[in-house]
Amino acid sequence: NKNTYKVKVPALNSAVLSYVHCYTTIGSRIDRRGGGWTPERTDRLRWLQVDLRERVEVTAVATQGRFGSSDWVSSYALQYSDAGRAWKQYRLDDSTGTFPGNANADGVVHHKLSHSIRTRYLRFLPLGWSAEGWIGLRVEVYGCSYKSDVADFDGRSSLLYRFNQKSMSTVKDVISLQFKSQRADGVLVHGEGQRGDYITLELHQGSLALHINLDDAKMHPSSGHVSVSLGSLLDDQHWHSVLIERFNKQINFTVDRLTRHIRTGGLGDSLEVDYELSFGGIPLPGKPGTFLRKNFHGCMENLYYNGVNIIDLAKRKKPQIYSVGNVTFSCSEPTAVSATFLSSSSSFLQLPADPAAEGAEGEGVSGRWSAGFHFRTWNRDGLLLWSGLQRSERLLLLLADGQLRLTHYRSAVQSAEITVGEEHNGQWHSILVSLNGLQASVSVDNEPASSMLLGDHAQLGSTVLIGGCPAAMANQGCRNPTLAFQGCMRTIIINNHPVDLYRVQQGILGNYSELQIDICGIRDRCLPNYCEHDGECSQSWSNFHCDCSGTGYTGATCHNSIFEPSCEAHRLTGSASGFFSIDPDGSGPLKPTVVYCNMTEEKVWMVVGHNGSAPVSVKGSSLQKPHVMKLNYSATLQQLSTLLHRAEHCQQEVLYRCRKSRLFNTWDGTPLSWWLDRGGERRTYWGGFLPGVQQCSCSLAENCIDMNYFCNCDADRNSWENDTGLLSYKDHLPVTEIVVGDTNRTGSEAVYKVGPLQCYGDRFLWNSASFYQESSYLHFPTLQAELSMDISFYFKTTAPSGVFLENLGVKHFVRVELSPSVVTFAFEVGNGPVVLTVKSHIPLNDKQWHYVRAERNVKEASLQVDQLPLRFLEAPSDGHNRLQLNGQLFIGGTASRQKGFLGCIRALNVNGLTLDLDERAKMTPGVSSGCPGHCSSQNRLCHNRGRCIEKSSGYVCDCTHSAYGGPHCQKEVSVSFESGTSVTYTFQEPFSVMRNKSRQSSAIYAQSSKSRENVAFRFLTTKAPAMLMTVTTYHQQYMAVILAHNGSLQIWYQLNREKQPDVFTPTQHSLANGKLHRIQLHREGRDIPKDEIDLLSLSFPGRAGVDEEVLQAGSRGFIGCLSSVQFNHLAPLKAAILNRGSSLVSVLGNLVESNCGELADKSSSRSLSGELQLINAESFTDKIIQESIKIFSTMPAEDGRFTVCSDLGVHPRRTEKLNSAITSRRKQPNITVLAASPSHTCC
């Protein structure tokens, strides 16, 4: 194509290209003396095009500089095409389209293609070249021959493959084909049977959808149906491969190397298809040329169904194949030429308003005029078309927030507009803009046009601009209102004249900037989806965004869990007992789960319940027909396994009482009852921390009622016996099923109850190692961190420098190291080394614990050290994104044994997995397990978020971030508020980094307190309404905690001023009762827009917003006592007391520190020990007695009266009411309640 390319090719062997055989060269020869390609310096179109004479399978390419020169190509793009037009760019596995080239003229750089391409034409487009010389290139292409059978479908045709019998029933199917389509919709494969089976493969909006049903539709409607979509932008007129493999219900569906594994539902395993399979459409029986759905318009090649070459049969006109419509056996090439607008600031296409009169410079167009084109983009904004009119008027067609807007500007202050269309989600859309006298109209996708009056007859200028405005046109009023258009256009028609984009490319017609012609470079950046943990991906032309709402994760790719990993970690944040979401594997694949955290003084217990918490009475079961109870937990077995692995100790009580019911056969020891562990294995021991065979707790304690047996129940007595046991072997917990088999004899009965799974401790929070030789290190398997990686740990040291962590690959690496007062995070993924540093204003080798967190994903990298400002760096949108490592992961040192770390590292977490430093250190010289010092264990030396700091002869507690004071951060800080008293605390860090209104990284958002609120405080008041606390922003967003008119607690969230506030009412009864109440509030999410927060303030009591009820509460303020106020890592009331002169704290009225919280605690304790209100007594009856009744009701009356003993503060005067309630409700007169009194403790 001599008119298109201007190149200089000297006489060398590369002038003639030929194909030899598989895996040998089929391109210009490199490594020969003489020659090479170089373009003219004035050439605007710089590429080397290779014609391989026929379609071949290209597997590798190689490049070299021009011989005997300083000319070479340092980077290039590779494009391919079947017909020398409609090109497509080759992309590597990490989606980058840039190949590294040469560093000199003589070296040869080979690239084996990760996925081969079948093509005739190749283009090498230089992107970077020698700084010393110019572009110089010798190339070599490697590959194999490729033969195919092709069929062309014109959108009104199909091929029918008819079976030899009436119907075909298969349990295994394989369908494979390649296709390229000119339309976004159309059926490729369809077959169906009379009983309701069917299989359909169709294009829908550029994606490939597979629908399959294996069930009888009449007997089981929709039970066996499954649908799955794969791929995107498949209507790009390029080849795509499809493979469908089915065996029974299991289906593997592959499109272009992306595979989905699915399983059909229902009962059927076979696919029953009647008469025929159709390819290219679904013809209507009896009506030739009529189809039920949109037909496929494009080409298919190598179409195989269960080993049968369908196209080959059709070409040979075999009787099994019937052709409907016009099916040909060569692939027609598309006629439309696309153009890609690359830049959101400088792309434009300038054309004459009337191409028929293009030589008449300066002349406008009057009368009728129109402009039409097709476009596709991901962007929601951009300039599509601009045209000047008479008297400085102009006409603009814009994409504005996803809709089309045609605007006629009469003057700077006067305009008219019409808005049409819906979201434009990467699909092709057609546009037609028309001027006809006084009227302008716009039509989208051939829908009826929308019109507006212009006010005068329109007369266009001589120029029309498409996609953007050049800077030179600014004086004529052409300016990009927001962004230039980024996307693809084709079929551009100006005033009924098609625009020849090849003439534009050659400089013959119009002008352009930042355009690629004869290629549509649109990409689906959400395929594959880099948003983790079910994050929702959306995209623009050049980037993608992850919406993590409702996932429990945050960060640029929803990588980071917003939940703590254990109950122990919740305790360290100052939380009280309650239900919490915990995520034991952090950023790992498991989702968070809800558990109950019981914060006792000695231990923190995690409690996981199940569906079988009530006692179960069993009668009539035998070994042949046993009683079976399956236990379903509130967490999955995978989650439970991770929770158990993380915990120090776990246990589960199995209450088991029996009467004439054995656990084991007394003759041969065969188990008659058993339980299943989490792996589904049968277990026959009923107590203990070590697995045993046929044992109960009494045998471990050596106190069975008959020492001839290992269990009390095996004595087979008529009386009720007890074999309750505590199971504590973690590898077998939890109990997933109970089987009882010996209650079918007269008088036989068993009663069991499986308690919740309970665990305490976190093995990993203080898992640590000490490095005391510079050459020592710990090594672990290679870091698995191709697309995302997070590393977090604590360290303390006296050494000024050292490497914390290093992992190397062939070219890539990752390293975290310490230098004096600086932590550095460095890595390489193929775009050049990336280095992030955080410098501390205090020495980091101060023998105190410091926290480091480094993260890298396909969008950005970040580094956090302690509470210092987060450092981050965005990743290039079109760069390499896969981190390829192959060496071992070194901790505390490097492979070269240099620059080792001296000190302690603990809680080292990599992608949700905590590395067991403690265990690995036991077998490594120069490293010891654990860390010396007072602050190196889980002992709670400092409470309520207090930080332990080592001293030469002991330790001190830093209570800066605690709402408490005193030596161990246990002394409560309380403040009495009078009428008119308020405190306002203004945040500076980390919000000061948000002052710059340019786009900031989402990692800042993820790490700052905006992504979560942990609020805790106690209050006492008798006044309502009242404002307890508000959090406000300059943009009128707020959170408010108030007491309503009736004294009930309300929490108001106003995060979006365009929506009504969210209001939560945790309790309906009045809290303005003069008693001390504790409030604990926890919010997770990213609902506050990160680019709208400049400053945030916290007020007690404060005012916020314009909502009437909140304003009323704010106007009343708060009168009473506020105590132990914690907001995330801040203690604002404590700061107000200790830093009255601070610019961050503003106090109005008389603020008095007091011990009102402590006094209220004592008063509340005395009151509760004296009397429990009736409502709580009823609660006591319902909750405690109810469980006891279920057990006691199974026991005989002759066993005597049972006493339920309570030390819960029930006054003796209530005993009669409780006993009466039991007698009347439960009909169990042999049960009584004995309450505690000042002189009597019953339990």
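Residues numbered from 1 in each chain as written. Predicted model: local features only at pLDDT ≥ 70, side-chain atom pairs only at ≥ 80, totals over all residues. Heavy atoms only, no water.

The protein goes by Contactin associated protein family member 5b in an unreviewed UniProt entry, where it is assigned to Pygocentrus nattereri. Turning to the protein, the UniProt annotation filed under Sequence similarities (unreviewed entry) states: "Belongs to the neurexin family." Here the protein is described in UniProt, under the heading Function (unreviewed entry), as follows: "May play a role in the correct development and proper functioning of the peripheral and central nervous system and be involved in cell adhesion and intercellular communication." (UniProt positions renumbered as here; feature names shortened; annotations may be inferred.)

Enquirer: Explain the sheet that holds strand 48 (residues 627–630) to me, using residue names and the numbers behind them.
Expert: Strand order across the open sheet formed by 4 strands is 48-54-50-51, with antiparallel pairing between neighbours. Two strands in the sheet have a free side with no partner beyond their single neighbour: strand 48 and strand 51 (682–683). Here 4 bridges tie strand 50 (residues 673–676) to strand 54 (residues 737–740), and the two strands are oriented antiparallel to one another. Counted as the bridge partner of Trp675 is Ile738 from strand 54. (Pairing = 2+ DSSP bridges. Helix = DSSP H or I, 4+ residues; strand = E, 2+ residues; numbered from the N terminus.)

Enquirer: Go over helix 4 (residues 637–646) with me, naming the residues and quoting the values.
Expert: For helix 4, every residue scored as buried is listed here: Gln639, Leu640, Leu643, Leu644 and Arg646. Down the axis of helix 4, the smallest arc covering the buried residues is 165°, so these residues share one side. Its buried side turned inward, helix 4 meets strand 44 (578–582), strand 45 (593–599), strand 46 (604–608), strand 49 (649–659), strand 56 (757–760) and strand 69 (913–914). (Buried < 20%, exposed > 50% of the residue type's maximum accessible area, 1.4 Å probe, protein only. Arc of directions from axis to C-beta. Contact = heavy atoms within 4.5 Å.)

Enquirer: Can you lay out helix 8 (residues 1108–1116) for me, pointing to particular residues and giving the numbers?
Expert: Among all positions in helix 8, only Val1110, Ala1113 and Gly1114 are buried. Seen from one end, helix 8 has its buried residues packed into an arc of 100°, which puts them on one side. Of the residues in helix 8, the exposed ones pointing more than 90 degrees away from the buried face are Glu1108, Ser1115 and Arg1116. Where helix 8 is buried, its residues contact strand 78 (1026–1033), strand 79 (1038–1043) and strand 80 (1049–1054). Looking one or two residues beyond helix 8, the residue adopting positive phi is Gly1117, at roughly 70°.

Enquirer: Describe empty space enclosed by the protein, naming the residues involved and giving the relevant values.
Expert: One pass over the full model with this rule turns up 5 cavities of 30 Å³ or more. Within this model, the second largest cavity holds a volume of roughly 110 Å³. As for the second largest cavity, its lining consists of 14 residues, of which Ser566, Cys567, Met606, Ala647 and Gly761 are closest to the centre. At the level of elements, helix 3 (567–572), strand 46, helix 4 and strand 56 are the ones that each hand at least two residues to the lining of the second largest cavity. For the lining of the second largest cavity, the leading source of residues is strand 46, giving 3 residues. Split by residue class, the lining of the second largest cavity holds 10 nonpolar, 2 polar and 2 charged. (1 Å grid on protein atoms, 1.4 Å probe; cavity = no way out; pocket = protein on both sides within 12 Å on 5 of 7 lines; lining within 4 Å. Points joined across faces, edges and corners; volume = space filled by probe spheres on them. Nonpolar A, V, L, I, M, F, W, Y, C, P; charged D, E, K, R; others polar.)

Enquirer: I'd like to hear about the pattern of salt bridges, residue by residue, with values.
Expert: It is possible for side chains bearing opposite charge to pair when their charged atoms get close. Counting across every chain of the model gives 38 salt bridges. A salt bridge links Asp677 to Arg683, with the nearest nitrogen and oxygen atoms 2.9 Å apart. Its relative accessible area of 21% is what places Arg683 among the partly exposed residues. For Arg1018, the salt bridge identified is with Glu972, shortest N-O distance 2.8 Å. With a gap of 46 residues between them, Arg1018 in strand 77 (residues 1012–1021) and Glu972 in strand 74 (residues 971–972) connect regions that are remote in the sequence. Neither residue differs from the other here; Arg1018 and Glu972 are each classed as buried. When salt bridges with common partners are traced through the structure, they connect Arg55, Asp82, Lys180, Glu301 and Glu333 into a single cluster. (Salt bridge = Lys/Arg side-chain N within 4 Å of Asp/Glu carboxyl O.)

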